[in-house]
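Reading the structure
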Amino acid sequence: MKELDVEEGQEVVMRFAPNPNGPPTLGSTRGIIVNSEYVKKYGGKFIIRFDDTDPQTKRPMLEAYDWYIDDCKWLGADPDEVVIASDRIPLYYDYANKLIKLGHAYVCFCDGADFKKCKDAKQACPHRDASPEENLKHWEKMLSGEYEEKSAVLRIKTDIQHKDPALRDFGAFRIVKTPHPRQEIADKYCVWPLLDFEGAIEDHELGMTHIIRGKDLMDSEKRQGYIYKYLGWKYPKTTHWGRVKIHEFGKFSTSGLRHAIEEGEYSGWDDPRLPTIRALRRRGIVPEAIRKFMLDMGVGETDISISLDTLYAENRKLIDSGANRYFFVWDPTDIDITGTEPCIATPSLHPAEDRGNREIEVGPKLYVCKEDAEKLSIGSRIRLKDLYNIEITSLEPLQARYLDDSIVSVKKERMKIIHWAPVNGMPVTVLSPEGEFRGIGEKQIATELDNVVQFERFGFCRIDDVGKGIVAYFTHK
RNA sequence: GCUCCGAUAGUGUAGUCCGGCCAAUCAUUCCGGCCUUUCGAGCCGAAGACUCGGGUUCGAAUCCCGGUCGGAGCACCA
């Protein structure tokens, strides 16, 4: 991580400020991890602030507040303080009042399009020059609900002639009569602050020293700068980063995902196909891997498009030694073996770590993957891993005869080694981003609930349920 | 239309502020080889980049100007 511009002995205060209109995704995680990491590095305070001031367009989701806190903790970014903007509306009203009195804000009754016309022409709208007293009166009426939605808005005066149209008089409060989803707030307010206002006030009130945010918010600093100037405040130091696109997920929006989930297209916010933290957790991605992934990305202003392979590579290093090995035969087909007695196979739980062995009952019939079976022909000699060697005697039905146990002959003949499953195994369903895999696995997988295991020749999976059958979430190869 | 920002290997990233130590770092990916009763992993090796054009300079990835490409803002979204 790059050094932050920190003054001698200064404690840093940084924040992550999401709108809880859905659960955290891999995208939001960058903000959680990088901000909290800087706070850890320099000492100070990490605040999570819910910018939930839009009850309508980007309506917050009640469950998401806790999801954010929970995922932050899981990621090792436990916030020192949690602030909810919708709890602090009176604070914003106070400052609005102050700015109106100072003549820096006015209630504008222009239609959106009309105002844009004025603004584009660098001209003040008819309401800009109203006196503070008049504006105060109008403001009170706004607050008491006398005006309809869209009929009035409180604007901050900047410089209507500014060469950058993005910086000319911006909106600070608008009227929204849809109740807020939080019960304790509900219809308490009908005037809600916009991001640039709410954020400006909060960043100062909470004593923010540094802000890292997306470069789409670069103009915010300049807009908010006017508020800071009017109130005599000092603006925090800012850093910006570009957009992150994940190859595997392409474009998605929280509202789009929400819709797709409601439509039943996904099983929920933790569907393994989704880029949410909840989904990655369920798949057995460990926090440390996500942290490393995010930290390695740095904080450049370039827009980036990164592959999850990097995340998977980090995760693999972390889970490999802890993951026990098991046989899972997807798309199974059975094979009859003659010339040998029933026995117990004892493959080891891990090829490198000494954790003992599993036990599998072996009878005259076994399952193997169809894709392995299809490569066989009569006379093929193969090794059933950790069991014995066989020679194929028939394809339809698939039959073989026992050859010997010798691993030496496997090496000498360069026999193909395949895995298998017993006929009394457990049904296994693997849910992965690419879809579902069904098959049969060893019974002992049932002892691994909630653990990440490796299904040999398949990949790592987190065992999610062992009730009726096994349900596993695919982690990665 | 106006305004702002960015550009280093396939993908990320270091270096850019304060020009020489950069024939450019690290990770991932890909390709070989070793090892392994799976697949990872591990070990060894290899490939691969300074957006373009000018300028300043003894010397430019680094400074300046211009072009190109990409992104963003100009919301009563965050």
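Here the structure is shown first, and the text comes after it.
Note that this is a predicted model, so its numbers are computed, not measured.

Procedures and definitions
- Residues numbered from 1 in each chain as written.
- Chains lettered and ligands numbered in written order.
- Predicted model: local features only at pLDDT ≥ 70, side-chain atom pairs only at ≥ 80, totals over all residues.
- Heavy atoms only, no water.
- Near = heavy atom within 4 Å.
- Polar contact = N/O pair within 3.5 Å; in protein donor to acceptor, adjacent residues only side chain to side chain.
- Helix = DSSP H or I, 4+ residues; strand = E, 2+ residues; numbered from the N terminus.
- Nonpolar A, V, L, I, M, F, W, Y, C, P; charged D, E, K, R; others polar.
- Buried < 20%, exposed > 50% of the residue type's maximum accessible area, 1.4 Å probe, protein only.
- Pairing = 2+ DSSP bridges.
- Axes fitted to C-alpha atoms, helices over the stretch in contact; angles between N-to-C directions.
- Contact = heavy atoms within 4.5 Å.

1. Quick notes on the protein's contact with RNA strand B
- Near RNA strand B lie 51 residues; those nearest to it are Lys-58, Lys-150, Arg-316, Gln-454 and Arg-457.
- Here the atoms of RNA strand B within 4 Å of the protein split so that 72% fall in sugar or phosphate, with bases taking the remainder.
- Thr-302 is positioned such that a nitrogen or oxygen atom in its side chain is 3.5 Å from a sugar or linking oxygen of RNA strand B.
- A distance of 3.5 Å separates a sugar or linking oxygen of RNA strand B from a polar atom in the side chain of Lys-385.
- Sorting the residues of the surface near RNA strand B by element identifies β5 (153-156), α7 (218-231), α10 (287-297), β11 (304-306), α11 (308-319) and α13 (407-413) as the ones contributing at least two each.
- If you tally residues by element for the surface near RNA strand B, the top one is α11, at five residues.
- Among the residues forming the surface near RNA strand B, the class breakdown is 16 nonpolar, six polar and 29 charged.

2. Section: unusual backbone geometry
- Of note, the amide linkage connecting Glu-396 to Pro-397 takes the cis form, showing an omega dihedral of -5°.
- On the secondary structure map, Pro-397 appears in the loop between β19 (389-394) and β20 (399-404).
- For Asp-386, which is not a glycine, the phi torsion comes out positive at approximately 60°.
- For Asp-386, the location among the structural elements is in the loop between β18 (381-384) and β19.
- For Asp-386, a relative accessible area of 34% corresponds to the partly exposed category.
- The phi dihedral of Asp-450 is positive, around 75°, even though this residue is not glycine.
- With respect to the helices and strands, Asp-450 occurs in the loop between β24 (435-441) and β25 (452-455).

3. A closer look at the sheet that holds β5
- Taken in spatial order, the four strands make up an open sheet running β4-β5-β6-β7, and their pairing is antiparallel. Either end of the sheet is taken by a strand with one partner, and the two such strands are β4 (105-108) and β7 (191-193). Sheet twist, expressed as the mean angle between neighbouring strand axes with direction ignored, is 30°.
- Taken together, the three bridges between strand β6 (residues 170-175) and β7 define a ladder with antiparallel strand orientation. Opposite Phe-173, over in β7, you have Pro-193 as the bridge partner.
- Contacts from helix α3 (residues 89-101) reach β4, β5, β6 and β7, with the element oriented near 85° to β7.
- In this fold helix α5 (residues 132-143) packs onto β4, β5, β6 and β7, with an angle of close to 60° to the strand it touches most, β4.

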